[in-house]
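Structure at a glance
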Amino acid sequence: MNEAALLFTALLFGGTTLFAFGFAGFMFNVLPADTAGTVIRRAFPWFYLFVLGSSLLAALLAIGGDMASVVILALIAGTTVIARQILMPAINRATDAGNKRLFQVLHSTSVLLTLAHIVAAGVVLIRLAN
């Protein structure tokens, strides 16, 4: 099961990194800001489902092996639920209301959380590979 947990953690790490540094930036470079914002808004719920599913599956597959990795992956899943159900709707409400200050705070929180997920998945990758 360690190999499968390693592969799903690699999928989590790579997918999250690609979305955060590739897809989102690409959309804002090739589309008008309003259109890019709409695309990103529609993509994020699916992105969070991807993070949730891959982190949960990797955690389940790691059970019986490295328990620290299981806990880290479960924390990624738990904070993803919070991001998807609470943080993302709050960001959308701030955008819709034109509240730029609140948007900046919430968006920065979202970015930091995603970076934390990438780092945490990287830690798990290293742990499972050893």
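This write-up is about the structure you can find in this document. (Residues numbered from 1 in each chain as written. Predicted model: local features only at pLDDT ≥ 70, side-chain atom pairs only at ≥ 80, totals over all residues. Heavy atoms only, no water.)

1. Brief notes about the environment of Leu 52
With respect to the helices, strands and loops of the structure, Leu 52 is situated in helix H2 (residues 33-62). Setting aside anything within four residues of it in sequence, one finds Leu 52 in contact with Ala 77, Thr 80 and Val 81. (Helix = DSSP H or I, 4+ residues; strand = E, 2+ residues; numbered from the N terminus. Contact = heavy atoms within 4.5 Å.)

2. Here we look at the packing of aromatic side chains
Under the definition given, this model contains 6 aromatic pairs. A ring pair is formed by Phe 44 and Phe 47, whose centres lie 5.7 Å apart and whose planes are at 85°; its orientation type is edge-to-face. Residue Phe 44 and its partner Phe 47 are located together in helix H2, separated by 3 residues, close to a single helical turn. There is no split in this pair, since Phe 44 and Phe 47 are both buried. Considering the side-chain rings of Phe 47 and Tyr 48, the 5.5 Å spacing of their centres and the 50° angle between planes classify their relative orientation as tilted. Across this residue pair, the class does not change: Phe 47 and Tyr 48 are buried. Site record: aromatic cluster; members linked through ring pairs are Phe 19, Phe 23, Phe 44, Phe 47 and Tyr 48. (Phe/Tyr/Trp six-rings, centres within 6.5 Å; stacked < 30°, edge-to-face > 60°. Buried < 20%, exposed > 50% of the residue type's maximum accessible area, 1.4 Å probe, protein only.)

3. Structural notes on a nonpolar patch on the surface
The grouping of Phe 21, Val 111, Leu 112 and Leu 115 at the surface amounts to a nonpolar patch, some 390 Å² of accessible area in total. With 3 residues, helix H4 (residues 100-129) is the single largest residue contributor to the nonpolar patch. For Leu 115, the position within the fold is in helix H4. (Patch = residues over 30% accessible without salt bridge, like charges linked within 9 Å, V, L, I, M, F, W, Y side chains within 5 Å. Areas by Shrake-Rupley, 256 points an atom, 1.4 Å probe, with all protein chains shown as cover. Salt bridge = Lys/Arg side-chain N within 4 Å of Asp/Glu carboxyl O.)

4. Concerning the packing of helix H1 (residues 2-30) against H2
As a packed pair, H1 and H2 sit with axes 9 Å apart at the nearest point and diverge in direction by 170°. Taken together, the axes of H1 and H2 are roughly antiparallel relative to one another. Within the contact of H1 with H2, the residues separate by chemical class into 23 nonpolar, 6 polar and no charged. (Axes fitted to C-alpha atoms, helices over the stretch in contact; angles between N-to-C directions. Parallel < 35°, antiparallel > 145°, perpendicular 65-115°, else oblique. Nonpolar A, V, L, I, M, F, W, Y, C, P; charged D, E, K, R; others polar.)

5. Some remarks on the packing of H1 against H4
The contact between H1 and H4 brings their axes to 9 Å, and the two run at 155°. What the angle tells us is that H1 and H4 run roughly antiparallel. Crossing hand, H1 versus H4: left-handed. Between H1, through Asn 2, Ala 5, Leu 6, Thr 9, Ala 10, Leu 12, Phe 13, Thr 16, Thr 17, Ala 20 and Phe 21, and H4, the contact on the second element is made entirely by Thr 114, Leu 115, Ile 118, Ala 121, Gly 122, Val 124, Leu 125, Leu 128 and Ala 129. Of the residues belonging to the contact of H1 with H4, the class tally is 14 nonpolar, 6 polar and no charged. (Left-handed = near helix turned anticlockwise from the far one by under 90°.)

6. What to know about H2
When the terminal C-alpha atoms of H2 are compared, their 41 Å separation across 30 residues agrees well with the 44 Å that a helix rising 1.5 Å per residue should span. Along H2, the sharpest kink reaches roughly 30°, centred on Phe 44 and followed within four residues by the proline Pro 45. Where H2 terminates, the next one or two residues include Gly 64, which has phi positive at roughly 95°. (Expected span 1.5 Å × (residues − 1). Bend = angle between axes of the 7 residues up to and from the residue.)

7. Section: the pattern of salt bridges
Under the criterion given, the structure shown has 2 salt bridges. Arg 41 is the salt-bridge partner of Asp 96, the closest N and O atoms lying 2.9 Å from each other. With a gap of 55 residues between them, Asp 96 in helix H3 (residues 67-97) and Arg 41 in helix H2 connect regions that are remote in the sequence. Relative accessible area serves as the criterion here: at 31%, Arg 41 is assigned to the partly exposed category.

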